[in-house]
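# Residue-level structure breakdown
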Amino acid sequence: MVTEVVMPKMGYDMTEGTIVRWRKQEGDEVKRGDIIAEVETTKVTVEVEAYSSGILRKILVSEGQTVPVGEVVAIIADRDEPIPGVAEKAAPRERVPQAVKEAPRPEGADDEEAPRIPASPIARRIAREQGLDLRQVTGTGPGGRIIKEDIEGFLAKRPAEAPRPSPTPVAAAAPHEISYEERELSRLRQTIARRMAESKRVAPHFYVTSEIDMTEALKLRQGLNALGEGAKISVTDMLVKAAAKTLQEFPEVNASFADGKIRVYRRINIGIAVALDQGLVTPVLPDCDKKPLAQIAREAKELVERARTGRMRQEDLTPGTFTISNLGMFDVDDFVAVINPPEAAVLAVGSVIPRPVVVGGEVKVADRMRVTLSADHRVTDGAVAARFLQRFKLFLEQPLHLVS
Amino acid sequence: MITYREALHHALREEMTRDERVLIFGEDVVAYGGAYGVTSGLAKDFGEKRVFDAPIAEGVIAGAAVGAAMGGLRPVAELMTINFALLAADQIINHAAKVMHMFGGQMSVPLVIRAVGGGGAQLASTHSQSLEPMFAHVPGLKVVTPATPADGKGLLKSAIRDDDPVLFIEHALLYRVRGEVPEGEHLVPLGKAAVKREGKDITLVAYSRMTLVALQAADLLSQEGIEAEVVDLRSLRPLDTETVLASVRKTHRALTVEEAWRTYGIGAEIASRIQEEAFDDLDAPIRRISGVEVPLPYAKNLEQAAIPDAQRVMKAVKELLARTGV
């Protein structure tokens with residue numbers, strides 16, 4: 001069977017990806033589930049699995065090339081099976097200069113070499129009628145297929161698109177200017193810059209801070225870990241569990257502001273901010289409300305490990321509904337985080353620090369942790385956020401809630 | 001509101017009153033009122049010359065019907081279930097369907113064979129089959145599969161008046177279903193599908209009891225903002241492709257729902273016709289829901305698992321409408 005391998009869509013804002021490396025070469029046998037390539041998105045490097053078994057007959061996109069989501073990057077087929085539409089000849093192994101690949105092809109010509117873009121028949125018909133090049137359209141259907149809605153969306157936006165600004169000439173360095181070195185943004189940095197700026201511009205943030213006594217939680221953690229069963233439970237795991245339980249009670253925080261409406265999510269998918277050398281990524285642990293603490297611990301450990309080694313899978317980038325950013329390991333008292341759009345809130349967690357507290361008129365020392373919730377004021381209000389933190393605090397101060 | 005059983009009974013009674021050439025025979029149609037009670041009381045009212053029991057020999061029943069029809073009568077033969085039509089297949093396929101064509105149109109075969117199809121009543125593998133695709137395959141036959149009491153009445157009356165042999169397939173689980181049925185002269189044309197529910201997002205093509213399953217799924221989907229259009233084929237041969245195509249041209253997606261097995265089935269035929277005639281209107285591949293390809297199990301849980309239900313339909317619809325971008 002001839003199967004097209006397409007640039008996968010990972011995360012809702014991914015429009016294109018770069019083939020970083022082919023792990024299989026033309027002629028190699030591949031089995032369903034084998035990793036065949038590594039793809040760099042604007043966020044991370046992820047592995048692409050084969051969805052069928054056979055021979056990797058043709059690599060259509062060479063390493064280093066960037067192609068839109070849904071574009072066919074390789075063909076898997078049986079050894080001697082004819083591959084329709086693809087001329088059987090050695091693929092260029094060396095990196096093909098971008099300029100050559102991007103040269104405009106004759107309009108409407110059926111280029112034998114061009115990978116077929118998956119598009120539904122009606123999408124093709126409308127594109128044909130409107131004189132539209134399907135390569136310009138991002139498909140959101142199954143497997144990145146371009147469907148009618150994509151074409152209609154593209155056509156609706158087209159006239160409004162501003163002409164590209166011509167490159168501005170570099171201004172001559174002013175006298176007395178501090179000398180500097182200009183660095184290109186990595187794709188991850190570009191994404192962080194764009195998304196965080198957008199968040200601060202669009203979402204009116206407000207902040208509520210609370211201090212939590214972690215004595216019992218730490219004791220429970222120590223006790224559970226002393227059992228030596230399963231993955232070691234971290235403070236972050238307990239925070240994820242506590243947040244999931246709290247979000248169950250406060251669905252209005254597990255939400256987004258979208259098109260003048262509030263979208264309350266039915267799933268609780270918690271993003272865990274992970275600091276990498278290249279920048280911050282937020283892999284997502286889905287359905288945290290349905291998972292016991294031990295499972296969260298195991299899955300979070302694997303998830304973070306995959307993020308650190310740049311081996312994230314498609315499912316790790318499922319859209320999150322809430323984010324936890326824990327800088328506790330860096331000895332910080334507290335901090336405030338920028339909301340990860342389109343989520344409605346993010347929880348910034350400081351270190352657990354022994355602090356003097358007044359209990360019954362006496363000063364005692366307790367392990368305390370400060371957390372700050374940043375919330376989108378379009379979606380929710382301070383009183384809700386305060387009650388949210390009260391419950392969150394209770395779950396951690398009476399941590400049997402986390403294992404009940 | 002009357003039941004499907006009553007609607008069929010009314011059709012028989014009205015046609016027997018209207019046309020004295022109409023006669024009924026089959027196993028236990030007199031005292032027992034037929035396998036599912038449809039002919040109950042007709043022998044008493046029309047006499048045992050027009051309503052009479054046949055021996056347990058389906059080849060004889062169908063063969064006698066062919067002969068009676070060729071001789072100028074309008075027989076309505078009842079086979080206890082469609083499963084026993086296999087014993088009568090030679091009479092149905094080699095005779096009823098062929099006579100007019102092989103004898104240059106000198107005579108027609110205006111018979112109706114009523115039979116029950118479908119599973120879900122724990123009657124096990126040999127008594128629960130949906131064999132309508134086998135008969136719908138045969139040119140020269142007409143095959144009708146009503147889903148509602150009103151269509152049951154209207155199609156049965158039209159079938160009796162039709163000059164070609166009609167296999168009229170009822171469904172075992174529909175007899176107690178109630179619905180509005182026009183009194184008196186109510187005819188539903190053979191070979192004409194009906195849009196049973198309007199929608200804009202996807203076309204569900206079904207027939208017989210699966211029409212009700214499709215409608216149930218459409219109601220549930222509607223609560224989630226998905227508007228499915230339901231087309232009830234009503235007749236499998238002649239097949240009304242135009243109604244299906246018009247719907248698909250509106251919704252751009254299609255899912256077929258049938259209780260019969262999938263391979264070489266009604267859904268396959270519908271899907272093929274859609275892509276032949278309306279390829280450029282499709283926004284997604286056409287999918288099929290069908291009975292699981294096993295001899296239907298007797299055990300209730302396994303039987304239920306093998307017959308399509310609204311949940312399966314909903315799942316397939318959602319997959320067809322799925323977007324990868326969230």
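Residues numbered from 1 in each chain as written. Chains lettered and ligands numbered in written order. Predicted model: local features only at pLDDT ≥ 70, side-chain atom pairs only at ≥ 80, totals over all residues.

This part covers the overall build of chain B. When you go through chain B residue by residue, the secondary structure sums to 12 helices and 14 strands. Looking at chain B as a whole, 51% of its 326 residues are labelled buried. (Helix = DSSP H or I, 4+ residues; strand = E, 2+ residues; numbered from the N terminus. Buried ≥ 20, exposed ≤ 12 C-beta atoms within 10 Å, placed from the backbone.)

In this section: the interface of chain A and chain B. If you look at the interface, chain A gives 14 residues, while chain B gives 12 residues. The element that contributes the greatest number of residues to the side of chain A that touches chain B is helix α2 (residues 121-130) of chain A, accounting for 4 residues. For the side of chain A that touches chain B, a count of residues per class yields 7 nonpolar, 4 polar and 3 charged. (Contact = placed C-beta atoms within 7 Å. Nonpolar A, V, L, I, M, F, W, Y, C, P; charged D, E, K, R; others polar.)

Looking now at the sheet that holds strand β5 (residues 45-49) of chain A. Residues and elements named next belong to chain A. Read across the sheet, 4 strands follow the order β5-β4-β2-β7 without closing on themselves; strand pairing throughout is antiparallel. At either margin of the open sheet sits one strand with a lone partner, and together these are β5 and β7 (66-68). Sheet twist, expressed as the average angle between the axes of neighbouring strands with direction ignored, equals 40°. Note that strand β2 (residues 16-22) and strand β4 (residues 35-40) share 4 bridges and pair antiparallel. Directly across from Arg21, in β4, lies its bridge partner Glu38. (Pairing = 2+ DSSP bridges. Axes fitted to C-alpha atoms, helices over the stretch in contact; angles between N-to-C directions.)

Moving on to helix α4 (residues 89-96) of chain B. Residue and element names in this part refer to chain B. For α4, the set of buried residues is Gln91, Ile92, His95 and Ala96. Viewed along the axis of α4, the buried residues span an arc of 115°, placing them on a single side of the element. Elements in contact with the buried residues of α4: α3 (58-70), α5 (99-102), β5 (112-117) and β7 (166-171). (Arc of directions from axis to C-beta.)

This part covers the environment of Leu187(B). Residue and element names in this part refer to chain B. In this fold, Leu187 is placed in the loop between β8 (178-179) and β9 (194-197). Given 14 C-beta atoms within a 10 Å radius, Leu187 is considered partly exposed. With 37 residues separating them along the chain, Leu187 and Ala150 place their C-alpha atoms 9.2 Å apart. Ignoring anything within four residues of it in the chain, the contact list for Leu187 reads Gly154, Lys157 and Ser158.

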